[in-house]
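Here is how the chains run, residue by residue.
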Amino acid sequence: MTELRRLPEGLVNRIAAGEVVERPAAAVKELVENAVDANARQIVITLHDGGKTLISVADDGHGMTAEELPLAVTRHVTSKLQGDDLTEIRWLGFRGEALPAIGAVSRLTVTSREIGADQAWMLEVEGGVSRLVVPAAFGSGTLIKVRDLFFATPARLKFMKTSRAEAMAITDVVNQLAMARPDITFTLKSDDRTRLHYDAAQGELMEARLNRLAEIMGRDFADNAITLETERDDVRLTGYASLPTLNRGNARLQFLFVNGRPVRDKLIFGALRAAYNDLLARDRHPLAALFVDLHPSSVDVNVHPAKAEVRFREPGMVRGLIVGALRHGLNAVGHRASTTVSQAALGAMQREAPGTFFAAPGAPNVSHQKGSGASEVSQGALMPTASPVAINEEIREGDVSDSFPLGAARGQLHDTYIVAQTADGL
Ligand SMILES: Nc1ncnc2c1ncn2[C@@H]1O[C@H](COP(=O)(O)OP(=O)(O)OP(=O)(O)O)[C@@H](O)[C@H]1O
Ligand SMILES: [Mg+2]
């Protein structure tokens, strides 16, 4: 008979760590979330080798005392979940898993000075083994350094991607948290180069949010987005979604935030598809950043090891609210085409001989380099007033002439004229 044995604690922790931190970006997400939960106004993230050899996160939040440091790196110890009600989660963290998980698979140092304390303290954890807390020189707040992530789990180490790929994933993570919190200054440095820097945005929330979104998703998005602000049964939806003329070939610039938490939920993709169904070719996707705020008991955030998904108690209602608000907003703007499409189209028409501008699918798009998620303006968007022939149909170069006698919409000029492509020209 095989022997049943209880696994040693160190191994249990390494196994659990595999779920919580499966790559450097996951560690960054946890550390930045902790800084946000600590009420930081400023968060500085530094990477070496895409976070593989060093991730450091410094914040100016409330910090920790010497007594709290060993607890912070102990599994299932948290200051965030008051009582034992998992339906009352008001922080980004709640499990007391992240720091111990990171400490189990790396060389971790936590240096912290509580607000008002006259001394900072430091604790080192290496492969799950904690040292003694020692005094340290540090301003106020918390500095976490993670060196040699996964050195203690060689199997995981083998599956790490290139430094470049890891740095890109980290950039995405930081961008999403920065979108959720325009009131916080974020800086991301990678191998001594500043990759991102967003100053805390001023003004009331919607304005601050739009400014932050403009920095991250591109100025085009801010200039060509409809504003959503609606409420039903204590569920509040705010945010921005692009005019149909500003769209992309993938859904990567569609973001959902639930109670300030960035989540990848299928619900948003479906809702956007439904709302833009009549306005966009099927292979084009609008840009959107939607913020749903509701009572914590109406959403379960404890459904995914990296807290990347949520489960709404009433998903149909939330989806309906999003689709309804989008449709309403899109109807209200009616003819308004994105400024960038109109101007880009005009400029190109002036520069180039007729017939050449719209020649190739996906080609000469206007892209703007500001921010990592530079937006792209493309053909294929169809405004509601355009000829109905292309609605609900996938528009592809080549099959235009047979299926669409009036041509396929390729752009809009002067906010009025639809430019359509037919077999023999524009
Ligand atoms: N940057 C920080 N500033 C102040 N306190 C912190 C910071 N990071 C961690 N802590 C403290 O350490 C505790 C443990 O952090 P950890 O991330 O492991 O768990 P958590 O945030 O409570 O839950 P989760 O595992 O869901 O993230 C926190 O509850 C908090 O009290
Ligand atoms: Mg945490």
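Residues numbered from 1 in each chain as written. Chains lettered and ligands numbered in written order. Predicted model: local features only at pLDDT ≥ 70, side-chain atom pairs only at ≥ 80, totals over all residues. Heavy atoms only, no water.

Under an unreviewed UniProt entry, the name given to the protein chain is DNA mismatch repair protein S5 domain-containing protein, and the organism recorded is marine metagenome. Database annotation for the protein chain, UniProt heading Sequence similarities (unreviewed entry): "Belongs to the DNA mismatch repair MutL/HexB family." (UniProt positions renumbered as here; feature names shortened; annotations may be inferred.)

(A) Structural view of unusual backbone geometry. Its identity is not glycine, yet Asp191 carries a phi of approximately 45°, on the positive side. Looking at the element boundaries, Asp191 is found in the loop between β8 (185-190) and β9 (193-198). Looking at Asp191, the relative accessible area reads 42%, which means it is partly exposed. Phi at Asp234 takes a positive value of approximately 70°, unusual for a residue other than glycine. Relative to the helices and strands, Asp234 resides in the loop between β10 (225-232) and β11 (235-242). Classification of Asp234 by relative accessible area gives exposed; the value is 65%. (Helix = DSSP H or I, 4+ residues; strand = E, 2+ residues; numbered from the N terminus. Buried < 20%, exposed > 50% of the residue type's maximum accessible area, 1.4 Å probe, protein only.)

(B) Local environment of the site of ligand 1. For ligand 1, the set of nearby residues contains 22 residues, the closest of which are Thr78, Ser79, Lys80, Glu97 and Lys307. At a separation of 2.9 Å, an oxygen atom of ligand 1 approaches a polar side-chain atom of Arg95. Taking 590 Å² as the accessible area of ligand 1 by itself, protein coverage stands at 96%. Of all the secondary structure elements, the ones that give two or more residues to the shell around ligand 1 are α2 (24-37) and α4 (98-105). (Near = heavy atom within 4 Å. Polar contact = N/O pair within 3.5 Å; in protein donor to acceptor, adjacent residues only side chain to side chain. Areas by Shrake-Rupley, 256 points an atom, 1.4 Å probe, with all protein chains shown as cover.)

(C) Structural view of the environment of Asn34. Along the polypeptide, Asn34 turns up in helix α2. The partly exposed category is assigned to Asn34, whose relative accessible area is 24%. Each C-alpha atom, one on Asn34 and one on Gly93, is 6.9 Å from the other, the two residues being 59 residues apart in sequence. Once residues lying within four places of it in the same chain are set aside, the contact partners of Asn34 are Lys80 and Leu99. In this structure the side chain of Asn34 is engaged in a polar contact, spanning 3.1 Å, whose partner is the side chain of Lys80. (Contact = heavy atoms within 4.5 Å.)

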